[in-house]
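Listed below are the residues making up each chain.
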Amino acid sequence: MRSDETNWSTTTSHWGAYRVRAVGDTVEVAAHPLDKAPSPLLGNVAAGSRHPTRISAPAIRRGWLDHGPGPSSRRGRDEFVEVTWDTALDLLAERLDATRRTHGNSAIFGGSYGWASAGRFHHAQSQLHRFLNVIGGYTSSRNTYSTGSSSVLLPHLVGDADTLLRNADTWPTIAEHTDLLVAFGGLPEKNVSVTPGGVTEHATSTALRQLGNSGVEVVSISPLADDAPGTPGARWVPIAPATDVALMLGLAHTVLTDNLHDPVFLDRYCVGFDDVADYLLGRRDGVPKNAEWAASWCDVTATDIRALARKMASKRTLITVSWSLQRIEHGEQPVWAGLTLAAMLGQIGLPGGGFGHGYGSMGDVGETGAALPLPFLPRGHNAVRSFIPVARIADMLLSPGSRFDYDGGTYHYPDIRLVYWAGGNPFHHHQDLNRLRQAFGKPDTVVVHEPHWTATARHADIVLPVTTTLEREDIGAGRRDTHLFAMPRVLEPHGQARDDYRILADVARRLGVGDEFTEGRTPAQWLKHLYGGWRERLRRERHDIPSFAEFWEQGSLPLPAGHRHPTPLAAFRADPDGNGLATPSGRIELASATIAGFGYADCPGQATWFAPRRDATYPLHLIANQPRTRLHGQGDIGETSQNSKISGREPITMHPRDAATHGVGEGDVVRVFNRRGACLAGVVLSDRVRPGVVVLATGAWFDPVDLPDDGAGAFSGSVVADKALCAHGNPNVLTSDIPTSALAQGCAGQHTRVDIELFPHPLPAPRTLLPPAIEAASSGELNTEHVPN
Ligand SMILES: Nc1nc2c(c(=O)[nH]1)N[C@H]1C(S)=C(S)[C@@H](COP(=O)(O)OP(=O)(O)OC[C@H]3O[C@@H](n4cnc5c(=O)[nH]c(N)nc54)[C@H](O)[C@@H]3O)O[C@H]1N2
Ligand SMILES: Nc1nc2c(c(=O)[nH]1)N[C@H]1C(S)=C(S)[C@@H](COP(=O)(O)OP(=O)(O)OC[C@H]3O[C@@H](n4cnc5c(=O)[nH]c(N)nc54)[C@H](O)[C@@H]3O)O[C@H]1N2
Ligand SMILES: [Mo]
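Residues numbered from 1 in each chain as written. Chains lettered and ligands numbered in written order. Predicted model: local features only at pLDDT ≥ 70, side-chain atom pairs only at ≥ 80, totals over all residues. Heavy atoms only, no water.

Once that is clear, we can look at the domain arrangement of the protein. Splitting the protein by domain gives domain 1 (9-49), domain 2 (59-145 + 392-475 + 489-521), domain 3 (168-370 + 568-597) and domain 4 (620-758). Between the C-alpha centres of domain 1 and domain 4 the distance comes to 30 Å. Counting residues at the interface gives eight residues for domain 1 and eleven residues for domain 4. Of the roughly 670 Å² buried where domain 1 meets domain 4, counting both sides, 61% is carbon and sulfur surface. Across the domain 1-domain 4 interface, the total number found is zero salt bridges. Our count for the domain 1 to domain 4 interface comes out at six residue pairs in polar contact (both at pLDDT 80 or more). In terms of residue class, the side of domain 1 that touches domain 4 is made up of four nonpolar, four polar and no charged. (Domains from an automatic or database assignment. Contact = heavy atoms within 4.5 Å. Buried area = accessible area lost by both parts, 1.4 Å probe. Salt bridge = Lys/Arg side-chain N within 4 Å of Asp/Glu carboxyl O. Polar contact = N/O pair within 3.5 Å; in protein donor to acceptor, adjacent residues only side chain to side chain. Nonpolar A, V, L, I, M, F, W, Y, C, P; charged D, E, K, R; others polar.)

What follows concerns helix H11 (residues 273-281). Among all positions in H11, only Phe 273, Val 276, Ala 277, Asp 278, Tyr 279 and Leu 280 are buried. Considering only its buried residues, H11 is in contact with helix H9 (244-257), helix H10 (263-269), strand E11 (270-271) and helix H14 (332-345). Downstream of H11 by one or two residues, Gly 282 has phi in the positive range, about 70°. (Buried < 20%, exposed > 50% of the residue type's maximum accessible area, 1.4 Å probe, protein only. Helix = DSSP H or I, 4+ residues; strand = E, 2+ residues; numbered from the N terminus.)

Attention shifts here to the packing of H9 against H11. In the contact formed by H9 and H11, the axes pass within 10 Å of each other and the chain directions differ by 105°. If you check the angle between H9 and H11, you find them roughly perpendicular. Residues Leu 249, Ala 252, His 253, Leu 256 and Thr 257 of H9 lie in contact with H11, whose contacting residues are Phe 273, Ala 277, Tyr 279, Leu 280 and Leu 281. When grouped by side-chain class, the residues that make up the contact of H9 with H11 number eight nonpolar, two polar and no charged. (Axes fitted to C-alpha atoms, helices over the stretch in contact; angles between N-to-C directions. Parallel < 35°, antiparallel > 145°, perpendicular 65-115°, else oblique.)

Our next topic: the site of ligand 1. The local shell around ligand 1 holds 34 residues, among which Ser 117, His 429, Glu 450, Asp 500 and Asn 732 are the closest. Here an oxygen atom of ligand 1 and a side-chain polar atom of Glu 450 are 2.5 Å apart. Asp 500 is positioned such that a nitrogen or oxygen atom in its side chain is 2.7 Å from a nitrogen atom of ligand 1. Relative to its free-state accessible area of 920 Å², ligand 1 is covered by the protein chains to the extent of 97%. Taken together, the elements giving at least two residues each to the shell around ligand 1 come down to helix H16 (426-429) and strand E18 (445-450). Class assignment for the residues of the shell around ligand 1 results in ten nonpolar, 20 polar and four charged. When residues of the shell around ligand 1 are assigned to domains, at least three fall in each of domain 2 (59-145 + 392-475 + 489-521) and domain 4 (620-758). (Near = heavy atom within 4 Å. Areas by Shrake-Rupley, 256 points an atom, 1.4 Å probe, with all protein chains shown as cover.)

Unlike most non-glycine residues, Asn 143 shows phi in positive territory, near 70°. Position of Asn 143 relative to the elements: it lies in the loop between strand E7 (140-142) and helix H5 (150-158). Not every positive phi belongs to a glycine, and His 330 is a case in point at roughly 60°. Its place among the elements puts His 330 in the loop between strand E12 (317-321) and H14.

A few words now on the site of ligand 2. Taken together, the neighbourhood of ligand 2 is formed by 31 residues, with Lys 190, Asp 227, Asp 244, Ser 361 and His 751 sitting nearest. In the environment of ligand 2, an oxygen atom lies 3.0 Å from a nitrogen or oxygen atom belonging to the side chain of Asn 625. Here the residues of the shell around ligand 2 are counted per class, giving 14 nonpolar, twelve polar and five charged. Both domain 3 (168-370 + 568-597) and domain 4 (620-758) contribute no fewer than three residues apiece to the shell around ligand 2.

What follows concerns the packing of helix H4 (residues 124-134) against helix H19 (residues 500-510). Where H4 meets H19, the axes come as close as 10 Å, and the angle between the chain directions of the two elements is 10°. Regarding the angle of H4 to H19, the classification is roughly parallel. From H4, Ala 124, Gln 127, Leu 128 and Phe 131 reach across to H19, where they touch Asp 500, Tyr 501, Leu 504, Val 507 and Ala 508. Its residues assigned to classes, the contact of H4 with H19 comprises seven nonpolar, one polar and one charged.

Bringing the pattern of salt bridges into the picture now. Evaluated as defined, the whole model comprises 49 salt bridges. A salt bridge links Arg 209 to Glu 189; the shortest N-O distance between them is 2.6 Å. Taken together, the residues Arg 209 in helix H8 (residues 203-210) and Glu 189 in the loop between strand E8 (180-184) and H8 connect sequence positions 20 residues apart. For Arg 209, a relative accessible area of 37% puts it in the partly exposed group. In this structure, Arg 435 engages Asp 737 in a salt bridge whose closest nitrogen and oxygen atoms are separated by 2.5 Å. Taken together, the residues Arg 435 in helix H17 (residues 433-440) and Asp 737 in the loop between strand E30 (725-726) and strand E31 (751-758) connect sequence positions 302 residues apart. Take Arg 435: its relative accessible area is 23%, and that puts it in the partly exposed class. In this structure Asp 737 comes out as buried when scored by relative accessible area, which is 10%. Residues joined by salt bridges that share partners form a network here, namely Arg 61, Arg 74, Arg 75, Asp 78 and Asp 461.

What follows is the structure in structure tokens.
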């Protein structure tokens, strides 16, 4: 071994496995040797590991320390005071106890949504939920920002969301069988280096590049050319945003009126096609959903729509819908309409045909791995029943006691007094951040565990510094991964950072339930314990798994290929009775009596067209999609992400024609605004976005500036304190906090309407690369452990 090849270890992350070694106080990273398409996100790791934004010591918000718990508009504006761990943990334990005694455990919101880090034991939400369960429970959150509409809708249509979300046809099956792949939302390669828990080989990237060579014709339907996979012959259809349902209905109309649909499949395997046909033909509303009608909405010509419909009916066709399409208002509809169109073609359950959801959204969709069980930390039982659909956080905090609808039920928002977050960043993921700021002013106490001074940490009262995966030991793998990794510690914890586990164990001890939480195990003993249980489980399935010592020594373990079963829809089709799904009819529900019975105006009982909101005041349609250069907000301070910034602002991509009408040019810093707020962004010109559409990816750390009222007319949107300007370019200051519909109450943050103008003022200095103002404590609280580094 050459001397410069020493000290490397392997580890894993949501953007894949990689090699890493300590160099002085930081790390050097390199691609994993088995990785055929290493993620560009690897470039963020080194600079992030010892960045000035790392939190060094426990910190308390000045106002909370001086005045005690209570609502405050100073959250996100106050300075912090560093305290000792003992002080912080005493205060935290006292607050948790007082809250549950006075208001009950339902007053603790512990949903704590977010991606945290890879690693099965130190998974932050599992740790926090386990802890909160041990102390009596918490108000939880349901579903995800990722698939908020689909996971509520799909059980009504196919019996179980996992039928589609976790059981896709593999890329090799598609390469072998599919003739035509019609991708609504495209198949963007930028997204597929990411998989929860990681993926070692990144086979999906390669598969996307190879599709054309395998004879698969790809039609990428998206406002953005770059959503088409980089494969020979892929065609871009630049659809108007939020009009996919119109196009799907137009295609379905041609299929029906040309008599190209499959009546046998519809009759045997589906219910509700008569209602669909009535709707397509306009029998009830007098509006036939023909190709001309569709063209008037989606801006694809009627000729093209008819030609595509006929082609789809003549070949093995796979219709895919990206998750982004269900992250908009009425996001249930593209999924339902796409499934309906696929059912009419009669290919659902045939290899390489039918309907897919999430190809190009996540790296493991289409991967060949076996989806083996992985080791996991038991979370225990939550004794509190109150919950919210995850994206209703601001509504809950702002309107305790008020009523909400969800999937056929009616519920009330609990009165939350303490918000506890570990492993997520609501000031990244939620919409209408100025409204979220108001909402975060309501509770008595906000607690955040974070490695970094994210906007969420800056909006907390008690901020506890945690280690990163590189600073602790863990075990990690993704859902269809090829390997399980030992994740060794390669760096000392930064400053006084501690593991979430140790923090929670120390609070549990203060509350008299230390042993229930820890079961008497150290982290190292937990790793062995979780691995041991997993090994036993796989052994019963006749997989030979080495001992923990051997695994840890080797650093990784190839996972058994396992057995890939036919997809649930293939099995469904193989049953001649065609009623094996867990829906009321046992069949695919193209019309659902259950959903119709809920009586929601914004989600009727079959796939329905809703025109997107047009707002003449704001002429541009903004797409806030996933960032190419980082994972959400994670890594925004790293090199790959920073290299993409323009004068320290997030890039906004726009068509040269729109730039000309707005009097802005390449590299200009502009103010992007609407009635909810404003942000700065740096202009990138491209004819690869549809005119009228601008793209500002999510994830630039929120940097709210309260600007003085200088009376400048165009500026008035951002002068009100509650309408802060984000000096960095976070699109969620613009997006609206509306649900997809009363059915799913999902996140609708992918789209909004905006205007832009040249920023007429001196640029505020970006502040996200530095920590907030932190004071040394007065003598009693002084943090003597802290040695600044
Ligand atoms: N406008 C708009 N908004 C969106 C979307 C969109 O399409 N448009 N997409 C949405 C989607 S799909 C998602 S999934 C969400 C993602 O939203 P989040 O998952 O909340 O975003 P992350 O930046 O991944 O936040 C994870 C945080 O956990 C911290 N962390 C990492 N490891 C640890 C750990 O071990 N312990 C602790 N305590 N903390 C840790 C990281 O530093 C980071 O700040 O965003 C949503 N928001
Ligand atoms: N690099 C990177 N990869 C990621 C993530 C990340 O943060 N960074 N996040 C991961 C997570 S948590 C998730 S849930 C998935 C999300 O996966 P998706 O939600 O599918 O990802 P997005 O990039 O938000 O959207 C995909 C594409 O849909 C297109 N699109 C938007 N609106 C419309 C529309 O109205 N019609 C049509 N036809 N197309 C439209 C956009 O141009 C966009 O590029 O991505 C995962 N992958
Ligand atoms: Mo997501």
